[in-house]
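# Observations on chain architecture
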Amino acid sequence: MKKLIIGACGVAALALASCGNCSDTSCSSSTSDSLSTAYGEYVGSVLGNDYQRMDDGNKKEFMRGMQIVFGANDDRNTQMGMQVAIQMMGEIKQLENEGVVVDRAKAMNAFKKAFMAVDMETVQKAAQEFQGLMTKAREEATAAKEAEKAAAPDAVENVKLGNEYVAEMKAKDSNVKTTESGLSYKIDAEGEAAKPTANSTVVVNYTGRHLNGDVFDSTDGRGPATFNLQGVVPGFREGLMLIGKGGKATLYIPGELAYGPNGQPAANIGPNEMLVFDIELLEVDPE
């Protein structure tokens with residue numbers, strides 16, 4: 001729709017430009033009237049034809065916006081104000097789509113107060129306060145969405161299955177331990193004394209499995225993987241930090257330390273699904 005508007009208005013603008021002499025007395029009022037009507041009909045027909053095919057196209061509301069602009073004061077400052085308001089409304093709508101609630105009346109009142117009595121100190125203070133609050137609002141919106149996803153039936157069920165699975169493993173093998181974060185693990189070989197840090201680059205052989213034993217990812221057949229521990233899920237990072245070069249372990253990573261309530265659809269990993277990894281640490285580059 002946007003491209004069509006630009007295209008239609010661009011062609012119309014060229015047509016108007018070619019009649020530049022209409023700004024003086026050599027252009028009759030009848031020619032001006034005809035041109036005005038033709039301009040309106042041309043742009044209106046092009047946009048109208050496309051607009052009616054849009055799912056959310058409401059021509060009455062569209063015309064209401066057109067009439068507000070056409071009926072406004074012709075002063076350049078008024079036009080600039082309208083353009084800024086339209087841009088702000090677009091940004092507010094985008095924030096609302098992200099889950100950030102914006103009170104439009106309060107935003108307008110605050111804008112007016114700052115705009116009428118602005119100085120550099122006010123600008124800097126407003127920018128800092130806005131950025132801080134925006135970060136907090138986005139974090140809260142994200143947390144709310146994550147909480148909603150975590151409360152979904154399939155996510156809750158996956159947490160339950162994971163807890164039951166670990167309890168069963170512990171009942172069978174006393175060597176299965178659980179850290180404060182919630183990561184469960186069994187170390188088969190400690191490896192060398194020096195262990196990776198959270199920023200280490202490592203070379204690893206691994207196989208990732210669902211609780212039913214199905215493999216979703218493995219280095220078997222393609223060779224060891226090299227990566228920095230900052231680039232992996234928290235549970236995998238923590239598990240590798242428990243062993244040294246040559247070490248082997250099995251990790252039982254709960255959903256909150258893996259892919260969380262979003263899961264990883266491409267790998268068929270469900271929301272808050274526990275993952276099981278068999279790992280072997282081949283090389284460690286400390287930092």
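This structure is a prediction, so every number in the text was calculated from the model and none was measured. (Residues numbered from 1 in each chain as written. Predicted model: local features only at pLDDT ≥ 70, side-chain atom pairs only at ≥ 80, totals over all residues. Heavy atoms only, no water.)

We now examine the overall build of the protein. On a plain count of helices and strands, the protein comes out with eight helices and seven strands. Split by element, the accessible area of the protein, about 18,800 Å² in all, is 55% carbon and sulfur. (Helix = DSSP H or I, 4+ residues; strand = E, 2+ residues; numbered from the N terminus. Areas by Shrake-Rupley, 256 points an atom, 1.4 Å probe, with all protein chains shown as cover.)

Let's shift gears to the pairing of strand S6 (residues 248–253). Burial within S6 is extensive, with five of its six residues counted as buried. One ladder, built from five bridges, connects strand S2 (residues 184–189) with S6; its direction is antiparallel. Bridge assignment links Ser184 to a residue of S6, and that residue is Tyr252. As judged from the six bridges shared by S6 and strand S7 (residues 275–285), these two strands associate in the antiparallel manner. (Buried < 20%, exposed > 50% of the residue type's maximum accessible area, 1.4 Å probe, protein only. Pairing = 2+ DSSP bridges.)

On to the packing of aromatic side chains, then. One pass over the structure, following the stated rule, counts six aromatic pairs. Residues Phe216 and Phe277 carry aromatic rings whose centres are separated by 5.6 Å and whose planes lie at 90 degrees to one another, so their mutual orientation is edge-to-face. Residue Phe216 is found in strand S4 (residues 215–218), and its partner Phe277 is found in strand S7; the two are separated by 61 residues along the sequence. Phe216 sits in the buried class, given a relative accessible area of 19%. Of the residues examined, Phe277 reaches a relative accessible area of 8% and is grouped as buried. Put simply, the rings of Tyr206, Phe216, Phe227, Phe236 and Phe277 touch in pairs and so form one group of aromatic residues. (Phe/Tyr/Trp six-rings, centres within 6.5 Å; stacked < 30°, edge-to-face > 60°.)

The next thing to look at is the environment of Val159. Relative to the elements of secondary structure, Val159 occurs in helix H7 (residues 153–172). Under the relative-accessibility criterion, Val159 is labelled partly exposed at 37%. Between the C-alpha atoms of Val159 and Met274, which are 115 residues apart in sequence, the distance is 7.2 Å.

One pass over the structure, following the stated rule, counts seven salt bridges. The residue Arg209 makes a salt bridge to Asp278 at a minimum N-O spacing of 3.0 Å. Of the two residues, Arg209 is situated in strand S3 (residues 201–209) and Asp278 in strand S7; the sequence distance between them amounts to 69 residues. Since its relative accessible area comes to 19%, Arg209 is described here as buried. Here Glu283 and Lys245 are joined by a salt bridge, their closest N and O atoms 3.3 Å apart. Taken as a pair, Glu283 in strand S7 and Lys245 in the loop between helix H8 (234–240) and S6 lie far apart in primary sequence, 38 residues in all. Exposure remark for Glu283: the relative accessible area of 39% places this residue in the partly exposed category. (Salt bridge = Lys/Arg side-chain N within 4 Å of Asp/Glu carboxyl O.)

To continue, consider the nonpolar core. Counting residues in each nonpolar core, the largest one holds 24 residues, and the members touching the most others are Phe227, Phe236, Leu240, Phe277 and Ile279. Of all the secondary structure elements, the ones that give two or more residues to this core are S3, strand S5 (225–228), H8, S6 and S7. Considering every element that reaches this core, the biggest residue donor is S7, with four residues. Counting residues in each nonpolar core, the second largest holds seven residues, with Tyr165, Val166, Met169 and Val276 among its members. (Core = buried A, V, L, I, M, F, W, Y, C linked by side-chain atoms within 4.5 Å.)

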